[in-house]
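# Commentary on secondary and tertiary structure
The lines below spell out each chain.
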Amino acid sequence: MSTVALSKNWSYERIMQLFGGMWFMLLALLVAIKIGVSLADPWPSLLSSFCLAIFYTLVTVLIMTRPPAKAQAPGLLPKVAAFVGSYMPWTITFFGKTDQALPNLLSTACVLIGMIMMLVTIRHLGRAFSLVPQARSVVQTGPYRWIKHPLYLSEEIAIVGVVLLHLTPVTVILLILHIGVQVCRILYEEDLLRRNFPEYSSYEASRWRLIPCVW
């Protein structure tokens, strides 16, 4: 790869890193402000919002501290899928919250489970965390012993929690669309890893993609 190409990739990586970090920090601040102006709300509502603010802060730190990628998926479609999949579902945070106790408690459970799963996954993944399909390494420890994409699974569980917190027909539709986009991201990422890491083919042959015994 030429020096110019490397410079362009580095610049793109830094721009996306900065944009992603600022976006999730904005969401964390938005949720924190909502907590501050609604302290009189029932405790399930406050608890779910507090967990969500912590989750957004965690994602911000992960994005801002990730290392450079070894390779990226070529073409525009993988980048579009990554951009939509990474940012579209979190716009749900701008919707009005439900005041019902059960959805708030279920939201808290989903966000906590998603956050714990993400922390466990990151412990084995290290800082090889990305939004656009990128090749950094083939991790085979921790949850990667059973499924190939535990980080996507933890993200989806957290998003279900956000949808429950802002439960409307529109947010449910956004969730369904997001699942479709995530499937595309998974396929793009697998193709990239196959082309950059010869050992990935034998690794993927013995693991489920996302949900054991299902897919």
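Predicted model only: the values in this text are computed from it and were never measured. (Residues numbered from 1 in each chain as written. Predicted model: local features only at pLDDT ≥ 70, side-chain atom pairs only at ≥ 80, totals over all residues. Heavy atoms only, no water.)

## Details of the overall build of the protein
Helix and strand counts for the protein stand at seven helices and two strands. Order of helices (α) and strands (β) in the protein, N terminus to C terminus: α-α-β-α-α-β-α-α-α. In the protein, 82% of the contacts between residues at least 6 apart in sequence involve partners at least 24 apart. Accessible surface, the protein as shown: approximately 10,800 Å² in total, 74% of it carbon and sulfur. (Helix = DSSP H or I, 4+ residues; strand = E, 2+ residues; numbered from the N terminus. Contact = heavy atoms within 4.5 Å. Areas by Shrake-Rupley, 256 points an atom, 1.4 Å probe, with all protein chains shown as cover.)

## Quick notes on helix H4 (residues 101-125)
Helix length check: H4, at 25 residues, gives a terminal C-alpha distance of 35 Å against a target of 36 Å (1.5 Å per residue), a fit within 8%. When we look at burial in H4, the residues that qualify are Pro-103, Asn-104, Ser-107, Thr-108, Cys-110, Val-111, Gly-114, Met-115, Met-118, Thr-121, Ile-122 and Leu-125. The elements touched by buried residues of H4 are helix H2 (43-64) and helix H5 (150-165). (Expected span 1.5 Å × (residues − 1). Buried < 20%, exposed > 50% of the residue type's maximum accessible area, 1.4 Å probe, protein only.)

## Details of the packing of aromatic side chains
Here the structure, examined in full by the defined rule, presents ten aromatic pairs. Look at Phe-24 and Tyr-56: their rings are 6.2 Å apart centre to centre, the planes differ by 45 degrees, and that puts the pair in the tilted class. Of this pair, Phe-24 sits in helix H1 (residues 3-36) while Tyr-56 is found in helix H2, placing the two residues 32 residues apart along the sequence. With respect to burial, Phe-24 and Tyr-56 carry one shared label: buried. Here the aromatic cluster, defined as three or more aromatic residues joined through ring pairs, consists of Phe-19, Trp-23, Phe-24, Phe-55, Tyr-56, Tyr-87, Trp-90 and Phe-94. (Phe/Tyr/Trp six-rings, centres within 6.5 Å; stacked < 30°, edge-to-face > 60°.)

## Some remarks on the confidence of the model for the protein
Looking at the protein, the pLDDT average stands at 82 and 85% of residues meet or exceed 70. Element-level pLDDT for the protein is lowest in strand S2 (residues 134-135), with a mean of 53, against a maximum mean of 91 in H5. (pLDDT = per-residue confidence, 0-100.)

## What to know about the layout of surface pockets
Computed from the structure, the second largest pocket encloses a volume of approximately 200 Å³. If you go around the second largest pocket, the residues you meet are Tyr-152, Leu-153, Glu-156, Ile-157, Ile-179, Gln-182, Val-183, Ile-186, Leu-210, Ile-211, Val-214 and Trp-215. Of all the secondary structure elements, the ones that give two or more residues to the lining of the second largest pocket are H5 and helix H6 (169-196). A per-class count over the lining of the second largest pocket returns ten nonpolar, one polar and one charged. (1 Å grid on protein atoms, 1.4 Å probe; cavity = no way out; pocket = protein on both sides within 12 Å on 5 of 7 lines; lining within 4 Å. Points joined across faces, edges and corners; volume = space filled by probe spheres on them. Nonpolar A, V, L, I, M, F, W, Y, C, P; charged D, E, K, R; others polar.)

## Quick look at the packing of H4 against H5
Contact geometry for H4 and H5: axes closest at 7 Å, N-to-C directions at 160 degrees. Taken as axis vectors, H4 and H5 run roughly antiparallel relative to one another. Every pair of crossing elements has a handedness; the one defined by H4 and H5 is left-handed. (Axes fitted to C-alpha atoms, helices over the stretch in contact; angles between N-to-C directions. Parallel < 35°, antiparallel > 145°, perpendicular 65-115°, else oblique. Left-handed = near helix turned anticlockwise from the far one by under 90°.)

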